[in-house]
Each structure stands twice: as structure tokens, then as C-alpha cells.
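Reading the structure
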Amino acid sequence: MIVVDNLHKHFGGFRAVNGASLKIKEGGITGLIGPNGAGKSVLFNVISGFLKPTSGHVGMAGEDITGLPPHVLFKKGLLRSFQIAHEFSTMTCRENLMVVPGGQSGEKLWNTWFGRKRIAGEERALRSRADEVLKFLTIDHLANQKAGMISGGQKKLLELGRTMMADAKIVFFDEVGAGVNRTLLNVIADTIVRLNREHGLTFVIIEHDMDFIGRICEHVICLAEGRVLAEGTLDEIRANRQVVEAYLGTRRHGKSEGKR
């Protein structure tokens, strides 16, 4: 579904992404791991159009999408979440989902004067759809709660709900476990698997929790210094000496160096 070919993103003399090349299989759940500063989030930002690449190419389903802006990629079914959830804090959880679909009649001033009946019909359908999504996510009890008042884990679930409202094809999920307790993280993991199996959503997930990655990701890519260091199953990644040295730490003179 996604092909990244020799991608670079430089900030002055700093090469955040430095010749990364990788492929993301359609219908899979891929984990992206690596030490802090490896370029994972920057890679996500370039693929999803939030940053322009310095050079290289990104393809989606055979189409060159290099440098396309996020709103264009959104229409193509490519979505990207952030480490810190970006909800509309003063709107309810239901309203946060209802605003997702584009091209709504109420977006045009003319229709607010002469198309009120059509707008009302669309809003009823969106409300019904949003309630179905909230129920799927097991947070339907929060439908009328202001999104800014719910927990970090619940906000992550709400972001997954946005992907359902948008009819996404592939979701780049950044730091799933950030600020999320273990119970909700398990709920999020189960939800991602259900969305993958029941709705055919493709996921690419940045996460430092290896138990989480091992639980849901059949393929793992390790990034270091802006390029792909290794890929395979999590067991293969853990057994890779280069990964151990770059990410998990190695032993030298009988003492653990720790994470680098």
C-alpha cells in the first residue's frame, strides 16, 4: 500500500530522515520502533504531508503522493494521529466524530439559508453513525461528554473513531501508549485489531512498548539515524545485533550501556 523510496528530510545540517526506504503491506499492522531521535515521527510527518521531503518519493497504491498536503491525503484515505491527541476540547465526543466527514452541506453559507432541511437530514445520519462508532469503541457512555474532559486513553479511542468516520484506508498512529494506562491500552490494542480484521484498515504504529508491539504487529521496522536498520518479526528484530546495539543497548566491559 505504501512504498517509501530513499526518503530524506533535512533541517539545515541535521538529517532527521536519511535515505529511508520501506514498504507497508496492505491490510497489515506494522510496528515502527527505534531509539528517541531515530526520525520516526518525522518520517510519519513526511509521508502524511505535514512536512515536505528534501528528496525521495512516497507512493500509495501505485500513485505518487510525494509532498501532497494532508487534506488531499485525507481524501485518499491516509490519516495520521499524533502523540498528543488533537481533539476539539469544547465539543462533545459525538460532535468530534460528526465533524470528520468532508463535503457536508452545512459547510456552505448558501445552504445554511436555503438548504436547512438537507442539512438536518445529514446531521441525523451523522449522529446515528457517530453513535454506532462510539458503541464499537465501547465509549458510547461518553457521547455527551466534552472531549477535553476525557482521559488520554479515551482520547486515543476517539481518534480511532475519527478514522472510522472518515472511511480511512491506512492510519499512521504515533505513540499509542503515551499517557495511557495499561487497562485502556489493552482496549486500544483490541480495537486496532478489530478495525484491521473487520474493516480492513491498515495500520502503521510508532510505539516504545514492545509488549504492545509484539501483541498486535506481525511486521516490525526498526529505524535508526533516519534510515531503516532492520525489519521482520519482533523476535527477529530482538535477535538482530545491530538493533541491540543501536536501540536496546549492548554490554561493553561487562557493564550495560543502556538505551542510546
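Here the structure is shown first, and the text comes after it.
Description of the structure in this document. Residues take numbers from 1 onward in each chain, read along the sequence in its written order. Only residues with pLDDT of at least 70 get local features here, since the model is predicted, and only at 80 or more are side-chain atom pairs given and counted; chain-wide, interface and lining totals rely on the full set of residues. Processing note: side-chain calculations cover all non-hydrogen atoms of the structure and skip hydrogens and water entirely.

Summing up its helical and strand segments, the chain has 10 helices and 12 strands in all. Out of the 260 residues in the chain, the part that is buried amounts to 49%. We call two residues in contact when some of their heavy atoms are within 4.5 Å. Across the chain, contacts joining residues at least 24 apart in sequence account for 66% of those joining residues at least 6 apart. Throughout, the Shrake-Rupley method with a 1.4 Å probe supplies accessible areas, and for residues the shown protein chains are the sole cover considered. Roughly 13,300 Å² of accessible area belongs to the chain as shown, and the carbon and sulfur atoms make up 51% of that amount. Helix and strand assignments follow DSSP, with helices taken as H or I runs no shorter than four residues and strands as E runs no shorter than two, numbered in order from the N terminus. Three exposure classes are used, based on accessible area relative to the maximum for each residue type with a 1.4 Å probe and protein chains only: buried under 20%, partly exposed in between, and exposed over 50%.

Attention now moves to the pattern of salt bridges. When the charged atoms of two side chains with opposite charge come close together, those side chains can pair. Salt bridge, as used here, is a side-chain nitrogen of Lys or Arg placed within 4 Å of a carboxyl oxygen of Asp or Glu. A complete count under the given rule lists 9 salt bridges for this structure. The partner of Glu87 in a salt bridge is Lys155, and the shortest N-O contact between them spans 3.2 Å. Of this pair, Glu87 sits in the loop between strand 6 (78-80) and helix 3 (93-98) while Lys155 sits in helix 6 (residues 152-165); the two residues are 68 residues apart in sequence, bridging distant segments of the chain. Residues Glu87 and Lys155 agree in their burial class; the two are buried. Its salt-bridge partner being Arg129, residue Glu132 comes within 3.7 Å of it at the nearest N-O pair. Residue Glu132 and its partner Arg129 are both found in helix 5 (residues 116-136); the two are separated by 3 residues, about one turn of the helix. Of the residues examined, Arg129 reaches a relative accessible area of 29% and is grouped as partly exposed.

Take the environment of Lys146 next. For Lys146, the location among the structural elements is in the loop between helix 5 and helix 6. With a relative accessible area of 38%, Lys146 lands in the partly exposed category. For the pair formed by Lys146 and Arg94, sequence separation is 52 residues and the distance between their alpha carbons is 9.0 Å. Among residues more than four places away in sequence, those in contact with Lys146 are Ser89, Thr90, Met91 and Thr92.

The next subject is the sheet that holds strand 2 (residues 14-24). For two strands to pair, DSSP has to find at least two bridges joining them. Reading across from one edge, 2-1-4-5 is the order of the 4 strands in this open sheet, with antiparallel pairing throughout. Pairing within the sheet leaves two strands with one partner each, and these edge strands are strand 2 and strand 5 (63-64). Judged from the 2 bridges that link them, strand 4 (residues 55-60) and strand 5 form a sheet pairing that is antiparallel. Bridging across to strand 5, Gly59 finds its partner in Asp64. Running at roughly 115° to strand 1 (residues 2-11), helix 1 (residues 40-47) makes contact with strand 1, strand 2 and strand 4 of the sheet. Fitted lines through C-alpha atoms give the axes, limited to the stretch in contact for helices. The angle between two N-to-C directions lies from 0 to 180 degrees.

Once that is clear, we can look at the nonpolar core. Ile29, Leu160, Ile192, Phe203, Ile205, Phe212 and Ile216 are the most contacted members of the largest nonpolar core, which has 50 residues in total. Filtering out sequence-adjacent residues up to four positions away, Ile192 remains in contact with Ile29, Leu160, Phe173, Phe203, Ile205, Phe212 and Ile216. Judged by nonpolar contacts, the second largest core, of 27 residues, contains Met1, Leu7, Leu22 and Val204. To form a nonpolar core, buried Ala, Val, Leu, Ile, Met, Phe, Trp, Tyr and Cys residues must be joined to one another through side-chain atoms within 4.5 Å.

The residue Ala61 is not glycine, and still its phi comes out positive at about 50°. With respect to the secondary-structure elements, Ala61 resides in the loop between strand 4 and strand 5. On the basis of relative accessible area, Ala61 is assigned to the exposed category, the value being 67%. Even without being a glycine, Glu225 presents a positive backbone phi close to 55°. Residue position: Glu225 is located in the loop between strand 9 (219-224) and strand 10 (227-232). With relative accessibility at 63%, the residue Glu225 sits in the exposed group.

With that settled, the discussion passes to the environment of Ile29. Mapping Ile29 onto the fold places it in strand 3 (residues 29-33). Here the alpha-carbon distance between Ile29 and Ile192, two residues 163 residues apart in the chain, equals 8.6 Å. Excluding residues within four positions of it along the chain, Ile29 makes contact with Ile192, Val193, Asn196, Phe203, Ile205, Ile216, Cys217, Glu218 and His219.

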